[in-house]
Amino acid sequence: MALLNEMKLDCQQDFVSLVWTETRPQVDTSLYRLGNCFPTSVMATQAIFKVELNACKFRRMVTGDLLQYNNNLTYVSSESQFLPFSHPVTCVYQRPKDWYPMIYNPFFETYGQGELLFHAKFMNNDFTGPAESFSFPLGSLIPIMASVQQASHQPLQIFIEECVAATTPQLLPNGDKYTIITNKGCLVDSKVSRSRFLPRQKSSQIHALLQAFRFSTGEQVYLHCTFVAWDPVGVDKTKKACNYVQGHGWELVDNPSYSSVCDCCESSCNARRRRSTSFGNHEMVHEAVLGPITITD
């Protein structure tokens, strides 16, 4: 009888210790990743991670009195005999009594020439404060805001690259998904609904209205989104915010005169090599899970 792989997980207050014991022969344990983090150390049959909870793309979710941090341990090899592997990693903590956002409120931090703080949240109808309810009638508009705060860093502009709705806080390979934004900032849902990006008030913020759709009426819905902050002078077809205007076509929200950068929304907006605005190993790209919300009839 073959031995099974074993994972030992120790969730501390601010960090996670994970030891994965590999029983398959010829598996290179250095090819394991926790989120986007490499192993802290490797042995012939073990991959060991000792990482902070605010690293490695851990996703935080609030459920009642609990704080839950989710990630995935993955193994991908170019050798055909080893199939891609993914194993969920979850740490659950009691929510501190003095910390209570009404919903999951993504908050990220990275460092460049100055501190960068990323936020994403559901808003009220006029974007003057956070949403007071997270139940939305079918067909109504759901306000969303993403922002980046910066200290001495060069001026940055924020974009929503991708956004997918799902009924789970983790994207599952065979789970129900609905694509809202894709292809580096193309709001494809605007082709069939009233969803749209709004004109910017600040370069460091982006507002969007998403029409509540019949995806999983009555169930909890999560938005899985990718945000990117970038030098405004470097905006091109890989860094944009595009709406589809019925009878007109794709339009660039920030400057309709340059809407040609949105033409690729009907094909593929391939990335090109970016001029780095990062410092060390920290990038200006962040993933967030917003929700849960409920869509009602």
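Rules and cut-offs
- Residues numbered from 1 in each chain as written.
- Predicted model: local features only at pLDDT ≥ 70, side-chain atom pairs only at ≥ 80, totals over all residues.
- Heavy atoms only, no water.
- Core = buried A, V, L, I, M, F, W, Y, C linked by side-chain atoms within 4.5 Å.
- Buried < 20%, exposed > 50% of the residue type's maximum accessible area, 1.4 Å probe, protein only.
- Helix = DSSP H or I, 4+ residues; strand = E, 2+ residues; numbered from the N terminus.
- Contact = heavy atoms within 4.5 Å.
- Pairing = 2+ DSSP bridges.

The name an unreviewed UniProt entry assigns to the protein is ZP domain-containing protein, from the organism Periophthalmus magnuspinnatus.

(A) Just the nonpolar core, in detail. Counting residues in each nonpolar core, the largest one holds 37 residues, and the members touching the most others are Phe122, Ile180, Phe197, Leu223, Phe227 and Leu290. Breaking this core down by element, the ones donating at least two residues are β10 (115–122), β12 (141–150), β13 (157–166), β14 (177–181), β16 (205–211), β17 (220–230) and β20 (285–296). It is β17 that contributes the most residues to this core, five residues altogether. Those residues in contact with Phe197, other than ones at most four positions away along the chain, are Ile160, Ile181, Gly185, Leu187, Ile206, His207, Ala208, Ala241, Cys242, Asn243 and Val253.

(B) Summary view of unusual backbone geometry. Put simply, Gly291 and Pro292 share a cis peptide bond, and its omega is 10°. Of note, Pro292 is situated in strand β20. Of note, Lys57 is a non-glycine position whose phi angle comes to about 65°, a positive value. Tracing the backbone through its elements, the reader meets Lys57 in the loop between β5 (46–52) and β6 (59–63). Phi at Phe127 is positive, roughly 60°, even though this residue is not glycine. Residue placement: Phe127 occurs in the loop between β10 and β11 (135–137).

(C) Local environment of the pairing of β17. The buried fraction of β17 amounts to ten of the eleven residues, a majority that puts the element mostly inside the structure. Both β13 and β17 contribute to a ladder of nine bridges, which runs antiparallel. When the bridges of β17 are listed, Glu162 appears paired with Thr226. Sheet topology places β17 next to β20; eight bridges connect them, and they run antiparallel. Each bridged residue has a counterpart across the sheet, and for His224 the counterpart in β20 is Val289.

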